[in-house]
Amino acid sequence: MAGRQARFKMSNRGVGQLLKSPMLEAEMLRRAEVIKGVAESIAPVGGPGDPHPGVYKASFYVKSTTRGGQRRNRATATVGNSAYYARWVEYGTEKVHPHHVMLRAAQAGSR
């Protein structure tokens with residue numbers, strides 16, 4: 001069929017359905033689980049003076065939804081850490097250097 005060109009007409013409604021489909025949510029969840037695994041593997045555990053060794057490493061979680069995004073119209077997955085001091089591990093303090101666990105995990109998990 002030489003000389004014929006394929007044509008495509010995008011359906012905004014169809015794209016919207018795809019963006020919040022269970023298939024896309026499952027893929028977002030899979031990617032988030034990869035990032036969580038990397039984060040757990042590189043998370044600091046603490047030393048002998050640490051009052052809660054291993055809590056940060058054990059506090060990673062993943063959640064997904066089909067009502068994510070700015071307009072709540074797409075599938076998303078989130079990786080987080082429920083330890084109250086997680087932001088200090090990530091960004092550091094004046095006494096502790098930043099570990100950037102989530103940043104490094106997201107960079108490694110997106111490859």
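As the structure is a prediction and not an experimental result, all values here were calculated from the model.

1. Focus on the pairing of strand S2 (residues 74–81)
- The pairing of strand S1 (residues 60–68) with S2 spans seven bridges and is antiparallel. In the strand pairing of S2, Gly68 is matched with Arg74.
- Adjacent in sequence and paired antiparallel, S1 and S2 are bridged by five residues, among which Gly69 carries a positive phi angle near 85°.

2. Side note on the confidence of the model for the protein chain
- Taken over all residues, the pLDDT of the protein chain has a mean of 90, while the share at 70 or more is 97%.
- The element-level mean pLDDT for the protein chain is lowest in helix H1 (residues 12–19), coming to 84, with helix H4 (residues 86–91) highest at 95.

3. Let's talk about the environment of Gly69
- Within the secondary structure layout, Gly69 lies in the loop between S1 and S2.
- On the basis of relative accessibility, which here comes to 27%, the residue Gly69 falls in the partly exposed class.
- Between the C-alpha atoms of Gly69 and Val101, which are 32 residues apart in sequence, the distance is 23 Å.
- With sequence-adjacent residues up to four places away left out, Gly69 is seen in contact with Arg74 and Thr76.

4. A short note on unusual backbone geometry
- Here the phi dihedral of Arg72 falls at roughly 60°; this positive angle occurs in a residue that is not glycine.
- Topologically, Arg72 is positioned in the loop between S1 and S2.
- On the basis of relative accessibility, which here comes to 53%, the residue Arg72 falls in the exposed class.
- Phi is positive for His100, close to 50°, though the residue is something other than glycine.

5. Focus on the nonpolar core
- Grouped together as the largest cluster of nonpolar side chains are 13 residues, with contacts concentrated most on Ala39, Tyr56, Phe60, Tyr85, Val89 and Val101.
- Of all elements in the fold, only helix H2 (22–42), H4 and helix H5 (101–109) reach the threshold of two or more residues within this core.
- Counting residues per element, this core draws most heavily on H2, at three residues.

How each quantity is defined
Residues numbered from 1 in each chain as written. Predicted model: local features only at pLDDT ≥ 70, side-chain atom pairs only at ≥ 80, totals over all residues. Heavy atoms only, no water. Pairing = 2+ DSSP bridges. Helix = DSSP H or I, 4+ residues; strand = E, 2+ residues; numbered from the N terminus. pLDDT = per-residue confidence, 0-100. Buried < 20%, exposed > 50% of the residue type's maximum accessible area, 1.4 Å probe, protein only. Contact = heavy atoms within 4.5 Å. Core = buried A, V, L, I, M, F, W, Y, C linked by side-chain atoms within 4.5 Å.

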